[in-house]
Amino acid sequence: MAKNKLVGFTLVILGAFFWGIGGTMSQQLFQKFEVGVGWLVTIRLLIGGILLLLTQSIFKDRKQVFRVWQTDALRLIIFGLVGMLAVQYTYLASINYGNAAVATLLQYLAPVMIIVWLVLTKKSKFSRKDFVTVTLALSGCFFLLTNGSVSAFAVPMPAIVWGLLAGVTLAFYTLYAIPLLKKYDSLVIVGWAMVIGAVAINLVYPVWDVNVSTWTGETIFYLIIVVIFGTMLAFWFYIESLQTLTAKETSLLGNIEPLTAVLATVLWLGEPFGTFQWLGTGLIILMMIYLAVRK
């Protein structure tokens, strides 16, 4: 059991790290090469999903790839649309309007949303630990978004709205996948969810409708990192960790992503961060550490 927990811990940490780096590189694609949010969501889901399903077919039980459609088609479709596609689009839209650091920090309010949901559905009682968690999260969110001023937001409103929606959809993504993972390998569930999401958004943002005139070798490099590491491996590792960790543990241990995104955004991209925004970041990260070390 301890070994399995360690494997789950390692997977979620790696997945979160890849997710954070992928978000920062997505920001570069939006701002430097004018890649559209919708198109990037389409291409990363399509390629990532196909690669995951191929991996399952070659190295694991290939019968599961189509068996899931016989028993859990509706749940899989809902997970693909409301979970996978929604998480992808809301997160990248928040990055597009703001930056990867703020988008990631807002998305990782998901543990608080999971706590609230479990309390409202009476699956868990509101404990003292939950109170500390919510207080740290809301305080951190206030300083992050306002930089200490109640009269104006330091972050564009669309970035805030999309970021909060990313948190809601990540909470849904984390909880809704659990019954499917009890029956099928994570490669099958994540792979099909990506393909379903890609097919749906392709109706609005076709994968072939893209302007490549401004692309360079750097653009291709960023796309590879975003699709392979920031999508395929990140989502696979995250969802695979739910095999050995609880939903709370996975969402909390995965909080290395905000730290990765903040450092990459500030140090690499040179995005300005005010004193109170750093305080807000610190409070949110403190919330993550508190939850990770408390059993």
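Bear in mind the structure is a predicted one, so any value in this text is a computation, not a measurement.

Parameters at a glance
- Residue numbering note: each chain is counted from 1, following its sequence as written.
- With the structure being a predicted model, the display of local features is reserved for residues of pLDDT at least 70 and the display and counting of side-chain atom pairs for 80 or more, all residues being used for whole-chain, interface and lining totals.
- Only hydrogens and water are set aside when side-chain values are computed; all heavy atoms of the structure are taken into account.
- Per the convention used, a helix needs a DSSP run of H or I reaching at least four residues, while a strand needs a run of E reaching at least two, with both numbered from the N terminus.
- Two residues form a contact once any of their heavy atoms are found within 4.5 Å.
- The residues that make up patches have over 30% relative accessible area and no salt bridge, and they are joined within 9 Å when like-charged or within 5 Å when they are Val, Leu, Ile, Met, Phe, Trp or Tyr.
- Using a 1.4 Å probe, the Shrake-Rupley method yields the accessible areas, and only the shown protein chains count as cover for residues.
- Between Lys or Arg on one side and Asp or Glu on the other, a salt bridge is scored when a side-chain nitrogen of the former is within 4 Å of a carboxyl oxygen of the latter.
- Only buried residues count toward a nonpolar core, which is a set of Ala, Val, Leu, Ile, Met, Phe, Trp, Tyr and Cys residues joined through side-chain atoms within 4.5 Å.
- Summary of the burial criterion: residues with accessible area below 20% of their type's maximum are buried, those above 50% are exposed, and those between are partly exposed, where the area comes from a 1.4 Å probe applied to protein chains only.
- Axes here refer to lines fitted to C-alpha atoms; in helices the fit is confined to the stretch in contact. Angles between the N-to-C directions go from 0 to 180 degrees.
- If an angle is under 35 degrees, it is roughly parallel; if it is over 145, roughly antiparallel; if it lies from 65 to 115, roughly perpendicular; otherwise it is oblique.
- Note on convention: the crossing is left-handed when the near helix lies turned anticlockwise from the far helix by less than a right angle, right-handed when the turn is clockwise.

Participant: Go over the side chain of Thr169 with me, naming the residues and quoting the values.
Facilitator: Relative to the elements of secondary structure, Thr169 occurs in helix H8 (residues 157–176). The residues touching Thr169, leaving out its near neighbours within four places in the chain, are Val82, Ala86, Val87 and Thr90.

Participant: An account of a nonpolar patch on the surface is needed here, citing residue identities and associated values.
Facilitator: Side chains of Phe66, Trp69, Ile77, Leu81 and Val82 sit close together on the surface and give an oily, nonpolar patch of about 430 Å² of accessible area. Taken together, the elements giving at least two residues each to the nonpolar patch come down to helix H3 (64–71) and helix H4 (73–97). Ranked by residues supplied to the nonpolar patch, first place goes to H4 with 3 residues. Looking at where Trp69 falls in the secondary structure, it is placed in helix H3.

Participant: For the pattern of salt bridges, give the residues involved together with the corresponding values.
Facilitator: Counted according to the given criterion, the structure contains 4 salt bridges. Note that Glu218 and Lys32 form a salt bridge whose closest N and O atoms lie 3.1 Å from each other. Placement of the pair is Glu218 in helix H11 (residues 217–240) and Lys32 in helix H1 (residues 2–33), with a sequence separation of 186 residues. We note a salt bridge from Asp185 to Lys60, for which the minimum N-O separation is 3.9 Å.

Participant: Talk me through the nonpolar core; I want residue IDs and the actual numbers.
Facilitator: If you look at the biggest cluster of nonpolar residues, it comprises 93 residues, and the most contacted ones within it are Trp19, Leu40, Phe79 and Tyr173. For Tyr173, the residues in contact, after removing those within four places along its chain, are Phe79, Gly83, Met84, Val87, Val190, Phe235, Tyr238 and Ile239.

Participant: I'd like to hear about the packing of helix H10 (residues 186–202) against H11, residue by residue, with values.
Facilitator: The N-to-C vectors of H10 and H11 enclose an angle of 135 degrees; their axes lie 9 Å apart at closest approach. When the axis of H10 is compared with that of H11, the two are oblique. Relative to H11, the crossing made by H10 is right-handed. Only Thr231, Met232, Phe235, Trp236, Ile239 and Glu240 of H11 make contact with H10, whose side of the interface consists of Ser186, Leu187, Val190 and Met194.

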